[in-house]
Amino acid sequence: MMRRIVLLLLTGLLLGSCGSSKRTTRKVGTTKKDRKEKVVTRPKDEAPKEEENVVNPVPKTGVEGYIETYAEIAQEEMRQYGIPASITLAQGILESGGGKGELVRKANNHFGIKCHDWKGAKVYHDDDEKGECFRKYSLAKFSYRDHSLFLTNRGRYSDLFKLPKDDYKGWAKGLKAAGYATDKKYPAKLISLIERYKLYRYDGEVLGKKEKDFKKVVDKKNQHTVEKGETLYRIAKKYKITVEDLKKYNGLESNEIFVGQVLYVQPFDRGY
């Protein structure tokens, strides 16, 4: 009887000891201090996180096809980052040759963004110099996202985000002033594409504007699309106006024009 009592006491002590040990054991790194959230900032030139189950849209032909294919992506970037969808689309059309450029075909790079300190995939392409390094994306969507991050992460573009969200003219001029492009005609080219294809509609949709509130559209009879070999003098003479008036109607500071540029040949209230 006494032996049984001793055994029971010893068993109780052992169980109590095990239970005490279990209650006081904790995993390393789970203290109150360790559980504080660690804030990790995204390196400026790290590849944007690629989501699962996202497929590359099949691009349609022509500029209109490019717009139809990527307008929704540009609008989503506008909602998240505040860059006018019209500007993003116009830059995409211009930089990618309407989606036909080599960088689009082999790298899904729609904006011609070079490597710099890029940590993602790369591709080499002849540009200003031979064999320059460009960023490579698995999907077009990530090229658009990286374009947004490229602009938002660099201080030189910060003033652009103070502009009204549908001020595409301000954005076009501001990009050039901030050093995005060296081409003197870059703002005019973007504005021409936006007005020619009415890309401002996509800004209006994001901002919740109704069709009647979109930018005023000029009758085609009041527009002229520049063709090869034309000059301001020839165009002005054709519409029986002066060169100075033609420049005034289009906000031109020089006599330089380019093929495909849309010029207004009558004064009007543009509504912006």
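Residues numbered from 1 in each chain as written. Predicted model: local features only at pLDDT ≥ 70, side-chain atom pairs only at ≥ 80, totals over all residues. Heavy atoms only, no water.

This part takes up the pairing of strand E2 (residues 132-135). The alternating pattern of E2 places Glu132 and Phe134 and Cys133 and Arg135 on opposite faces, both of which are buried. Across 4 bridges, the pairing between strand E1 (residues 122-125) and E2 is antiparallel. Bridge pairing in E2 places Val123 opposite Phe134. (Buried < 20%, exposed > 50% of the residue type's maximum accessible area, 1.4 Å probe, protein only. Helix = DSSP H or I, 4+ residues; strand = E, 2+ residues; numbered from the N terminus. Pairing = 2+ DSSP bridges.)

Moving on, we get to the state of the cysteines. Applying the stated criterion across every chain, the model contains 1 disulfide. The disulfide that involves Cys115 links it to Cys133, with 1.9 Å between the sulfurs. Disulfide Cys115-Cys133: the torsion about the S-S bond is -65°, which places it as left-handed. With Cys115 in the loop between helix H4 (102-107) and E1 and Cys133 in strand E2, this residue pair connects regions lying 18 residues apart in the sequence. When sorted by exposure, Cys115 lands in the same class as Cys133, which is buried. (Disulfide = S-S within 2.5 Å.)

This part is about the confidence of the model for the protein. On average, residues of the protein score 78 in pLDDT, and 71% of them are at 70 or above. For the protein, the element scoring lowest by mean pLDDT is helix H1 (residues 2-24), at 47; helix H3 (residues 85-96) scores highest, at 96. For the stretch residues 13-43, pLDDT sits under 50, and the model shows 8 contacts to residues farther than four places along the chain or on other chains. Residue range residues 268-272 is modelled with pLDDT below 50. Its contacts to residues more than four positions away, or to other chains, number 14 contacts. (pLDDT = per-residue confidence, 0-100. Contact = heavy atoms within 4.5 Å.)

Next up on the list: the nonpolar core. Among the nonpolar cores identified, the biggest contains 43 residues, and Ile87, Leu89, Leu175, Tyr180 and Leu199 are the most heavily contacted of them. Those elements giving two or more residues to this core turn out to be helix H2 (62-81), H3, helix H5 (140-152), helix H6 (168-177), helix H7 (186-196) and helix H8 (200-206). Broken down by element, the residue count for this core peaks at 7 residues, all from H2. Core analysis: the next-biggest nonpolar cluster, separate from the first, contains 9 residues, Ile235, Leu246, Ile257 and Val265 among them. (Core = buried A, V, L, I, M, F, W, Y, C linked by side-chain atoms within 4.5 Å.)

What follows covers the packing of H2 against H5. Where H2 contacts H5, the axes come no closer than 10 Å and their chain directions differ by 40°. Relative to H5, the element H2 is oriented oblique. The interaxial crossing formed by H2 with H5 has right-handed handedness. Contacts from Tyr66, Tyr70, Ile73, Ala74, Glu77, Gln80 and Tyr81 of H2 reach H5 at Ala140, Lys141, Tyr144, Arg145, Ser148, Leu149 and Thr152. When its residues are assigned to classes, the contact of H2 with H5 shows 8 nonpolar, 3 polar and 3 charged. (Axes fitted to C-alpha atoms, helices over the stretch in contact; angles between N-to-C directions. Parallel < 35°, antiparallel > 145°, perpendicular 65-115°, else oblique. Left-handed = near helix turned anticlockwise from the far one by under 90°. Nonpolar A, V, L, I, M, F, W, Y, C, P; charged D, E, K, R; others polar.)

A separate point is unusual backbone geometry. Notably, His116 is not glycine yet its phi reads approximately 55°, a positive angle. Mapped onto the secondary structure, His116 falls in the loop between H4 and E1. Owing to a relative accessible area of 56%, His116 belongs among the exposed residues under this scheme.

Let us now look at the pairing of E1. The two faces of E1 differ: Val123 and His125 on one face are buried, but Lys122 and Tyr124 on the other face are not. The antiparallel hairpin formed by E1 and E2 contains 6 residues in its connecting segment, where Gly131 sits at a positive phi of about 65°.

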